[in-house]
Amino acid sequence: MEPAFVLVHSPSVGPLTWASTAQVLEEQGATALVPSLLTVADADPPFWPAVASTVAAAIARLPEGRPVVIVAHSNAGLFVPVIVDASARPVAGCVFVDAGMPPPHGESPVAPPEFLDFLRTKAVDGRLPQWTDWWAESDVAPMFPDPQTRAAVSAEQPRLPLSYYESTIPSPVGWDARPCGYILFCPAYDDEAAAATNRGWPVSRIPGEHLHQIVDPQAVATRIAAMTQQFGR
C-alpha cells in the first residue's frame, strides 16, 4: 500500500517549500500533505507544542490504512520526535531531508550558541527578518530555480521571534523505534548525514542547495519514495 507522506517544512520558511514535491508524490500514487506551520511565529514559548499539535491534527485527517511517513526538512527535523509522540496514529517511518538531527532522547537546542550570537545581531524588537534576508544574495539566489518561485517562497516566510531559536525541543525516548533515513543536499548538513550513518540509517545524497526540493521536486520525491520502499525491505 502506498504511504501517506506528511511533509514538514521548517518554521523559518513556509509550506510552498514542499508543495511541488507533494504534487509529484501524489502523481506517483501516494498521499502527500504539507501542514502549514506559519502560525508558529505567533505562538508562545515553548514553540514545539504548537508544531506537534498542528502536524498531529493533519495526520489525523489522512486516509485510514495508509502507513504514515514523516518527511522533515531543515529545522523541522528537530521536531520529528515530538510529532511522532503527539500523533494518535502510528508513524511507520521518518525521513530527514537536509535536516537537523534530534538525539535519541533528551533536549535539542533549536540553534547552537554560536548561531544564536549571529541571530541576535539580526533581531529588531525581538523579531528576526525573513530567513532569506539573513544571508548574502550570492548565497540565496542559487537556492531558487527562477525569480517567480523565489518571490512566492520569500513572500510567505514568517518573521520568527528570536525566542524561537532560544528554545529547546524534547526528544521522547523511543521516537526512533521505527525506520528512519536521511537525504542530504548540501555540505552544510554533512555532519547530520554522518550522524545518521552512525545510527545505522540509510543515507542518500542529491547534490544541490538547501532548498533543492523546489529546484528538482521530481528527483527529491522519487528519492523519498525509494527510501520508504527501502524501509519496507
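That block above? That's the structure.
Right, let's walk through the structure included here. (Residues numbered from 1 in each chain as written. Predicted model: local features only at pLDDT ≥ 70, side-chain atom pairs only at ≥ 80, totals over all residues. Heavy atoms only, no water.)

1. Some points on the overall build of the protein chain
The helix and strand inventory of the protein chain stands at 10 helices and eight strands. Taken over C-alpha atoms, the radius of gyration comes to 17 Å for the protein chain, in line with the 17 Å a tight globule of 233 residues would show. Principal-axis analysis of the C-alpha atoms places the extent of the protein chain at approximately 50 × 40 × 35 Å. By the burial criterion, 50% of the 233 residues in the protein chain qualify as buried. Of the contacts made within the protein chain by residues no fewer than 6 positions apart, 75% connect residues no fewer than 24 positions apart. Accessible surface computed for the protein chain: about 9900 Å², of which carbon and sulfur atoms make up 55%. One way to put it: in the protein chain the 13 positive side-chain charges average out to a point 4 Å from where the 24 negative ones average out. (Helix = DSSP H or I, 4+ residues; strand = E, 2+ residues; numbered from the N terminus. Rg over C-alpha atoms; globule rule 2.2 N^0.38 Å. Buried < 20%, exposed > 50% of the residue type's maximum accessible area, 1.4 Å probe, protein only. Contact = heavy atoms within 4.5 Å. Areas by Shrake-Rupley, 256 points an atom, 1.4 Å probe, with all protein chains shown as cover. Lys, Arg positive; Asp, Glu negative; His and termini not counted. Charge placed at Lys NZ, Arg CZ, Asp CG, Glu CD.)

2. Digging into the state of the cysteines
In total, this model carries zero disulfides according to the counting rule given. As a non-bridged cysteine, Cys94 has Cys180 as the owner of its nearest cysteine sulfur, 4.3 Å distant. The class for Cys180 is buried, based on a relative accessible area of 4%. (Disulfide = S-S within 2.5 Å.)

3. Digging into the nonpolar core
Counting residues in each nonpolar core, the largest one holds 76 residues, and the members touching the most others are Phe5, Val8, Ile70, Val71 and Tyr165. With near-sequence residues (within four places) excluded, Val71 lies in contact with Phe5, Val6, Leu7, Val8, Trp18, Val95, Val97 and Ile224. (Core = buried A, V, L, I, M, F, W, Y, C linked by side-chain atoms within 4.5 Å.)

4. Let's talk about the sheet that holds strand β7 (residues 180–184)
Across the sheet, six strands lie side by side as β2-β1-β3-β4-β7-β8; this open sheet has parallel pairing. Of all the strands in the sheet, the pair left with one neighbour each is β2 (31–33) and β8 (203–205). In this sheet, neighbouring strand axes are inclined to one another by 20° on average, regardless of whether the strands run parallel or antiparallel. Looking at chain direction, strand β1 (residues 4–8) and strand β3 (residues 68–74) are connected through five bridges and run parallel. Within β3, the residue paired with Phe5 across the bridge is Val69. (Pairing = 2+ DSSP bridges. Axes fitted to C-alpha atoms, helices over the stretch in contact; angles between N-to-C directions.)

All we've got here are geometric facts, nothing functional implied.
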